[in-house]
Amino acid sequence: MGGAILPDLGAEILIPVCAIIGIGFSLIQWLLVSKVKLVPGGRDAAGNNSVGKNGYSDYLIEEEEGLNDHNVVLKCADIQSAISEGATSFLFTEYQYVGIFMLAFAILIFLFLGSVEGFSTKTQPCTYDPLKTCKPALATAVFSTVSFLLGAFTSVVSGFLGMKIATYANARTTLEARKGVGKAFITAFRSGAVMGFLLAANGLLVLFIAINLFKLYYGDDWAGLFEAITGYGLGGSSMALFGRVGGGIYTKAADVGADLVGKVERNIPEDDPRNPAVIADNVGDNVGDIAGCKEIEPALKKQLIISTVLMTVGIAIVSWIALPSSFTIFNFGTQKVVKNWQLFLCVAVGLWAGLIIGFVTEYFTSNAYSPVQDVADSCRTGAATNVIFGLALGYKSVIIPIFAIAVSIFVSFSFAAMYGIAVAALGMLSTIATGLAIDAYGPISDNAGGIAEMAGMSHRIRERTDALDAAGNTTAAIGKGFAIGSAALVSLSLFGAFVSRASISKVDVLTPKVFIGLIVGAMLPYWFSAMTMKSVGSAALKMVEEVRRQFNTIPGLIEGTAKPDYATCVKISTDASIKEMIPPGALVMLTPLIVGIFFGVETLSGVLAGALVSGVQIAISASNTGGAWDNAKKYIEAGASEHARALGPKGSDPHKAAVIGDTIGDPLKDTSGPSLNILIKLMAVESLVFAPFFATHGGLLFKIF
């Protein structure tokens with residue numbers, strides 16, 4: 001079998017160099033964004049005018065447009081500060097609660113994995129070759145615990161950095177909108193690129209360092225090394241789940257409260273400063289989503305296409321120089337010879353399947369196409385028909401993505417078995433930096449519109465930020481489509497690793513042990529979605545009552561002569577999200593433990609398979625339904641076509657029906673849907689981490705009876 005052209009040392013150097021380049025690129029984008037100053041008149045901290053590329057200062061441009069209001073700029077800065085402080089306070093409170101849970105779970109990992117060999121420090125025969133000796137189970141317990149905590153910490157830092165970047169950029173995007181939608185788009189997307197490239201590079205670098213540090217102990221025991229490093233994924237996914245659920249409950253409680261009372265009952269604009277829930281709503285955009293125009297969406301779509309084409313070329317080169325011409329992998333006990341071009345095709349099929357999923361998602365969620373326009377048209381006869389059309393759209397949007405995932409699974413498995421599926425998932429995630437940039441663009445542009453409204457900027461500025469926001473809804477849905485598709489492939493490869501590590505000879509759905517797990521696993525995404533949806537509903541109920549109370553009891557609030565009590569609404573969202581995020585998170589984290597301990601690895605394999613099949617389809621449907629309802633509302637509000645103008649304007653009966661649909665869709669697209677892809681990954685990786693314990697001590701009920 002031929003060796004690789006690139007020596008091992010070259011690969012060892014190439015990986016951290018790529019990570020450092022990514023970090024450097026993100027810092028350059030940060031510097032460009034920071035040139036937009038939050039001071040009056042487009043002046044810098046020294047009081048000098050900022051000069052544009054044609055020699056004219058931005059100050060003069062604003063003067064000519066009549067938009068150079070110093071008070072507006074100061075208001076933007078104050079609003080940004082309030083949003084940033086609220087988001088920071090929420091994250092610190094959330095991390096305190098989740099940190100306790102993570103420490104307790106880390107102790108559980110050590111105790112369970114250490115008990116596999118009775119906390120022995122003696123070497124043991126390797127599972128893949130009994131003639132060789134591997135590191136003791138106690139070492140796996142220690143290093144798995146360390147990697148779990150490292151993954152959790154990396155996820156915390158990533159979430160915090162993402163929030164800081166989004167809140168840093170929102171007001172700057174608003175100010176740039178005074179000069180045109182193009183400048184605002186560049187600022188928002190550059191800010192998203194800071195987050196996308198920084199987080200992707202940071203995750204790669206931390207994982208590379210962790211593997212090399214662990215290697216100092218494990219040496220040539222690669223099986224032990226990667227069994228221990230699996231904890232890194234478990235820690236990161238665990239924190240991501242709590243962050244997504246908690247943040248989603250926070251933002252949607254505020255969003256629903258602000259929309260129902262403000263837009264439907266009081267007929268005031270979105271993000272109006274008279275609305276008591278408006279600050280909580282804008283804070284939530286940053287802690288929850290971190291997750292149009294005919295001109296903006298194509299620009300974002302081009303970014304995805306360019307990234308996909310460049311990655312295809314890059315993967316081909318890497319496959320040629322870094323992989324041997326052929327090599328052997330183990331496929332559940334049998335050997336399989338794989339060529340480097342076959343592995344390239346596995347990665348490429350995942351990469352292009354992701355792009356197909358992205359385009360299909362755009363078609364079903366963008367108001368530039370007929371599906372969303374049909375949903376908007378259904379609002380003519382009220383909210384009921386709007387809901388029916390939106391649900392039908394979501395169900396229909398599942399078809400092509402599932403076929404794309406199925407084809408990528410079949411092709412990649414045919415070429416390289418479960419390893420092929422794993423690298424197909426890698427292919428779908430290979431444009432993660434661009435995907436994160438596009439995803440982060442959404443909350444930044446959403447906040448920019450809110451700040452423009454609250455600062456009292458002109459209607460023309462709000463139209464520009466609305467165009468950015470409408471495109472952001474579609475791009476957010478595209479990002480969620482990528483995440484869900486890749487989660488399916490990642491979970492399937494982790495499922496294969498679990499079956500292998502737990503020494504399961506075959507997963508036969510005709511056996512009762514597996515089948516009962518299958519139907520229970522298929523039910524779990526519904527149970528999880530019910531918990532998160534009800535949590536949003538309960539929190540929104542309190543928010544609606546508080547907003548109504550303030551409108552009814554604060555004299556001059558609706559007239560704009562009195563200020564609302566923003567702090568109380570922020571507290572309602574914070575308290576609700578912290579309280580309500582624990583049960584759904586516990587359901588996901590505890591299910592594999594309970595099933596593995598009491599019912600054994602065969603039943604657990606059924607649970608994982610059922611959750612995967614069910615969760616992927618619910619996630620796609622929920623995300624696309626919510627995105628379509630949101631953009632149907634914006635389609636009516638924008639009035640960019642004769643059809644849209646016939647349904648409007650704001651405040652009309654069709655618009656009110658669209659607002660109700662949008663409000664129903666909020667928890668679907670921003671809480672339940674995005675959390676499900678984390679659910680299926682987290683359950684699979686957790687089962688893999690605990691597989692040695694389940695295989696040794698699991699199935700207590702079947703042993704007793």
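Residue positions are given per chain, counting from 1 as you read along its sequence in written order. Confidence filtering applies because this is a predicted model: local features only for residues at pLDDT of at least 70, side-chain atom pairs given and counted only at 80 or more, and all residues used for totals across whole chains, interfaces and linings. As a rule here, side-chain values cover all heavy atoms of the structure and leave hydrogens and water aside.

Enquirer: Before we go on, may I ask you to explain the overall build of the protein in this structure?
Expert: When its secondary structure is counted, the protein shows 22 helices and 4 strands. Relative to the compact-globule value of 27 Å for 705 residues, the protein shows a C-alpha radius of gyration of 26 Å, a close match. By principal-axis analysis of the C-alpha atoms, the protein measures approximately 80 × 60 × 45 Å. Within the span of the protein, comprising 705 residues, buried residues form 56% of the whole. Helix numbers and strand numbers start at the N terminus; a helix is a DSSP run of H or I with at least 4 residues, a strand a run of E with at least 2. In this setup the radius of gyration rests on C-alpha atoms only. A globule is expected at 2.2 Å times the number of residues raised to 0.38. When a residue's accessible area, from a 1.4 Å probe over protein chains only, is under 20% of the maximum for its type it is buried; when over 50% it is exposed; and in between it is partly exposed.

Enquirer: What is the right way to look at the packing of helix H4 (residues 137-176) against helix H13 (residues 432-454) in this model?
Expert: If you want to describe how two helices pack, look at the angle between their axes and the distance between the axes. Every axis corresponds to a line fitted to the C-alpha atoms, with the helix fit spanning only the stretch in contact, and the corresponding angles, defined between N-to-C directions, vary from 0 to 180 degrees. Packing of H4 against H13 brings their axes to within 8 Å, and their N-to-C directions diverge by 55 degrees. Accordingly, the angle class assigned to the pair H4 and H13 is oblique. As for how H4 packs across H13, the hand of that crossing is right-handed. Counted together, Ala166, Ala169, Asn170, Ala171, Thr173 and Thr174 of H4 and Ile444, Asn447, Ala448, Ile451 and Ala452 of H13 form the full contact between these two elements. Angle categories: roughly parallel below 35 degrees, roughly antiparallel above 145, roughly perpendicular from 65 to 115, and oblique for all the rest. When the near helix sits turned anticlockwise from the far one by under a right angle, the crossing is termed left-handed; a clockwise turn instead gives a right-handed crossing. Contacts: residue pairs with any heavy atoms within 4.5 Å of one another.

Enquirer: Sorry, what's going on with the packing of aromatic side chains here?
Expert: Aromatic rings considered in pairs are described by the distance between their centres and by the relative angle of their planes. Note on aromatic contacts: the rings of Phe and Tyr and the six-membered ring of Trp form a pair at centre separations within 6.5 Å, being stacked when their planes are under 30 degrees apart, edge-to-face when over 60 apart, and tilted otherwise. If you walk through the whole model with that rule in mind, you get 23 aromatic pairs. On the basis of an interplanar angle of 70 degrees and a centroid distance of 4.9 Å, the ring pair of phenylalanine 143 and phenylalanine 214 is categorised as edge-to-face. Of the two residues, phenylalanine 143 sits in helix H4 while phenylalanine 214 sits in helix H5 (residues 181-218), which places them 71 residues apart along the sequence. For phenylalanine 214, a relative accessible area of 7% puts it in the buried group.

Enquirer: Got a minute to help me understand the pattern of salt bridges in this structure?
Expert: Side-chain pairs of opposite charge can arise where the charged atoms are in close proximity. In the sections that follow, a salt bridge refers to a side-chain nitrogen of Lys or Arg positioned within 4 Å of a carboxyl oxygen of Asp or Glu. All chains considered together, the criterion is met by 12 salt bridges. Close ionic contact of lysine 669 with aspartate 630 constitutes a salt bridge, the shortest N to O distance being 3.4 Å. Of this pair, lysine 669 sits in helix H20 (residues 653-689) while aspartate 630 sits in helix H18 (residues 601-638); the two residues are 39 residues apart in sequence, bridging distant segments of the chain. Like aspartate 630, lysine 669 is buried. Where salt bridges share partners, they join Asp630, Lys633, Lys634, Asp662, Asp666, Lys669 and Asp670 into one cluster.

Enquirer: Would you explain the confidence of the model for the protein in this entry?
Expert: Detailed reading of the predicted coordinates is not advisable wherever pLDDT is low. Every residue is assigned a pLDDT by the predictor, reflecting its confidence on a scale from 0 to 100. Within the protein, residue pLDDT values average 83, and 90% of them lie at 70 or more. By mean pLDDT, the top-scoring element of the protein is helix H11 (residues 383-396) (96), and the lowest-scoring one is helix H2 (residues 58-65) (38). Below a pLDDT of 50 lies the segment residues 41-67, which in the model reaches 39 contacts outside its immediate sequence neighbourhood of four places, other chains included. Below pLDDT 50 for its whole length, residues 289-293 participates in 24 contacts with residues either more than four positions away or in separate chains.

Enquirer: Is there a simple way to explain a nonpolar patch on the surface in this structure?
Expert: Each patch is built from residues that are more than 30% exposed by relative accessible area and take part in no salt bridge. Like charges join if they lie within 9 Å; nonpolar side chains (Val, Leu, Ile, Met, Phe, Trp, Tyr) join within 5 Å. Only the protein chains shown count as cover for residues, and the accessible areas themselves come from Shrake-Rupley with a 1.4 Å probe. Judged by side-chain polarity, Ile516, Leu590, Ile594, Phe598, Phe599, Leu700, Phe702 and Ile704 come together as a nonpolar surface patch covering roughly 670 Å² of accessible area. With 4 residues, helix H17 (residues 582-599) is the largest single contributor of residues to the nonpolar patch. With respect to the helices and strands, phenylalanine 599 occurs in helix H17.

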